[in-house]
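Geometric and topological summary
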Amino acid sequence: MSATDIAYQQCILPACGATFDLGQALFACPKCGALLDVRYDWDRCDVPKSLRVFDERRGRSNTTRLGRLDASGVWRFRELLPFAQPDELVTLGEGRTILANATHLAKEIGHEPDKLFLQYEGFNPSGSFKDNGMAAAFTMARKLGKRRVACASTGNTSASLAMFARHTTLADGTTMEGIVFVGGDKIAFGKLAQALDYGARTIQVRGDFDACMSLVKQSTERLGLYLMNSVNPFRLEGQKTIMYRVLEGLGWEVPDWIVVPGGNLGNSSAFGKAFMELHALGLIDRIPRIAIINATGANTLHELVNEHGLAFHGGDIDHDKVTAYLKEMDEQGRRAHTVASAIEIGRPVNLDKALRTLEITNGIVRQASDEEILDGKALVGKHGYGCEPASGASVAGLRKLKAEGVIGSEERVVCILTGHALKDPNVTVDYHTGKKPDASYDNPPVAADADIESIAALLGE
Ligand SMILES: *Cc1c(COP(=O)(O)O)cnc(C)c1O
Ligand SMILES: [Zn+2]
């Protein structure tokens, strides 16, 4: 690979703007330490004239190699993330997700019918949106000749990494080795089960997610592991495609709002980049607003943006504010704490990119309490989709923004459901069986004697 490649890496801060070729495995700018983007020389890429060209690919037979790529909800859009050749792409059927028109949920929360949609990423092979990112990151890992990949995880990243490692065949016929660092006792069982079952080396660290993140970064430097967390800019290239599928589901019309839970802020970052690029390429004529929803117990972005006035300012970010905030958090011994374990993160690694998304999309940040998140999740379940706790933050955030009058009932809104309902069944059962006193939509089981008279007494008219 050389600097004449049509794809390269670039520091996101314009004041630095250093560029690097794809052959360097980088997770931060070597010059200034900022995050990196994957960039393209679009004039030399085969960019479609209209997004409608992708329609033709959807129904194609997947018995051929290209057919399988078209069946992938990531690689169907390969011209919009052209950092590898078609024969290099890793796929296992990721991104075959749907945009659901949530008419009953809309009615229940007082939204106009046909204006509320749920982008259900739980339909991915490992049950969360992370698969979109892994398809891209594993493609890059193999292209770089890596044999071992690692991540720190609240659960879904490790499940997805473990699965993709088994599907990524190397030149010598073996598969990639997956190594996952999980924080002590916080991981949801559905997710841990996956990492163990797919044979990933699973290291249970006595510490929280932020501690795992710091450890895995040190291990990648010292032990040459390839890092698969969302600081890996290729992960975010894969996650851009979630927005392409949202547009696809709307017949290529742009919605008014995207509402997304915010943890490490990888999705928020990827979505902003997707719209920035589509707009610059003339493939969409306007950009939707993005609302990022933190959990109240893990609300670093909310605090920095809404309480401390932090903003992207064209890349001139006041990093002293961030440093001071995180220092105070440490000094006070404050740790992220929420029932939504997938967003229980105090030091979001993609903070600067998320600030850029807020600037590009005229976006906003809100926080939702655990009670609000669980009620949001229960509403999604009640109307037949289901999701894990973190995903419930998007519906909780929407309800809040509607109550504030920020989002109008007639506006077209897409809530992102990031993970599958079965990832964290303990939380769901606790909610419905009276272990959460504030539950508003609980559906407790009813006990009955084993005879037909008792059943008739319960169910008879
Ligand atoms: C990883 C994850 C999140 C957090 O996403 P970020 O991109 O890190 O903000 C939210 N929900 C689920 C289910 C996840 O797995
Ligand atoms: Zn830089």
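All values reported here derive from a predicted model rather than from experimental measurement.

1. What about a nonpolar patch on the surface?
A cluster of nonpolar side chains, V446, I452, I455, L458 and L459, forms an exposed patch at the surface whose accessible area comes to about 520 Å². Assignment of secondary structure puts I452 in helix α16 (residues 452-459).

2. Some remarks on the environment of I109
The residue I109 is located in the loop between α3 (103-108) and β5 (116-120) in this model. Leave out the neighbours within four places in its chain, and I109 touches L116, L379, L398, R399 and K402.

3. Quick word on the coordination of the zinc ion (ligand 2)
Taken together, C11 (SG), C16 (SG), C29 (SG) and C32 (SG) make up the full set of protein donors to the zinc ion (ligand 2), lying 2.3 to 2.4 Å away. Relative to the metal, the four donor atoms surrounding the zinc ion (ligand 2) lie at angles of 99 to 115 degrees, and the coordination shape comes out tetrahedral. Mapping the donors of the zinc ion (ligand 2) onto the primary sequence gives the spacing C-x4-C-x12-C-x2-C. Highlighted residues: C11 in strand β1 (residues 7-11) and C32 in the loop between β2 (19-20) and β3 (36-40), separated in sequence by 21 residues. A relative accessible area of 4% places C11 in the buried class. Judged by relative accessible area, which is 39%, C32 ranks as partly exposed.

4. Overview of the packing of aromatic side chains
Scanning all chains against the criterion turns up nine aromatic pairs. Pairing Y40 with W42 gives two aromatic rings, centres 4.9 Å apart and planes at 50 degrees, and the pair type is tilted. For Y40, a relative accessible area of 6% puts it in the buried group. On the basis of an interplanar angle of 25 degrees and a centroid distance of 5.9 Å, the ring pair of F138 and F164 is categorised as stacked. Remark: F164 occurs in helix α5 (residues 156-167) and F138 occurs in helix α4 (residues 130-143); sequence separation between them is 26 residues. With respect to class, F138 is no different from F164; both count as buried. A network of ring pairs unites the aromatic residues F54, F77, Y244 and W252 as a single cluster.

5. Examining the site of ligand 1
With respect to spatial proximity, 16 residues lie near ligand 1, and among them K130, N156, G263, N267 and T418 are the closest. In this structure, an oxygen atom belonging to ligand 1 sits 3.0 Å away from a main-chain N or O atom of G266. Side-chain polar atom of T418 to a nitrogen atom of ligand 1: 2.8 Å apart, as the coordinates give it. Protein burial of ligand 1: of its 380 Å² of free accessible surface, 97% is covered by the chains.

Cut-off values and rules
Residues numbered from 1 in each chain as written. Chains lettered and ligands numbered in written order. Predicted model: local features only at pLDDT ≥ 70, side-chain atom pairs only at ≥ 80, totals over all residues. Heavy atoms only, no water. Patch = residues over 30% accessible without salt bridge, like charges linked within 9 Å, V, L, I, M, F, W, Y side chains within 5 Å. Areas by Shrake-Rupley, 256 points an atom, 1.4 Å probe, with all protein chains shown as cover. Salt bridge = Lys/Arg side-chain N within 4 Å of Asp/Glu carboxyl O. Helix = DSSP H or I, 4+ residues; strand = E, 2+ residues; numbered from the N terminus. Contact = heavy atoms within 4.5 Å. Donors = N, O, S within 2.8 Å, 3.2 Å for Na, K, Ca; no water. Tetrahedral: all angles 85-135°; square planar, octahedral: opposite > 155°, others 65-115°. Buried < 20%, exposed > 50% of the residue type's maximum accessible area, 1.4 Å probe, protein only. Phe/Tyr/Trp six-rings, centres within 6.5 Å; stacked < 30°, edge-to-face > 60°. Near = heavy atom within 4 Å. Polar contact = N/O pair within 3.5 Å; in protein donor to acceptor, adjacent residues only side chain to side chain.

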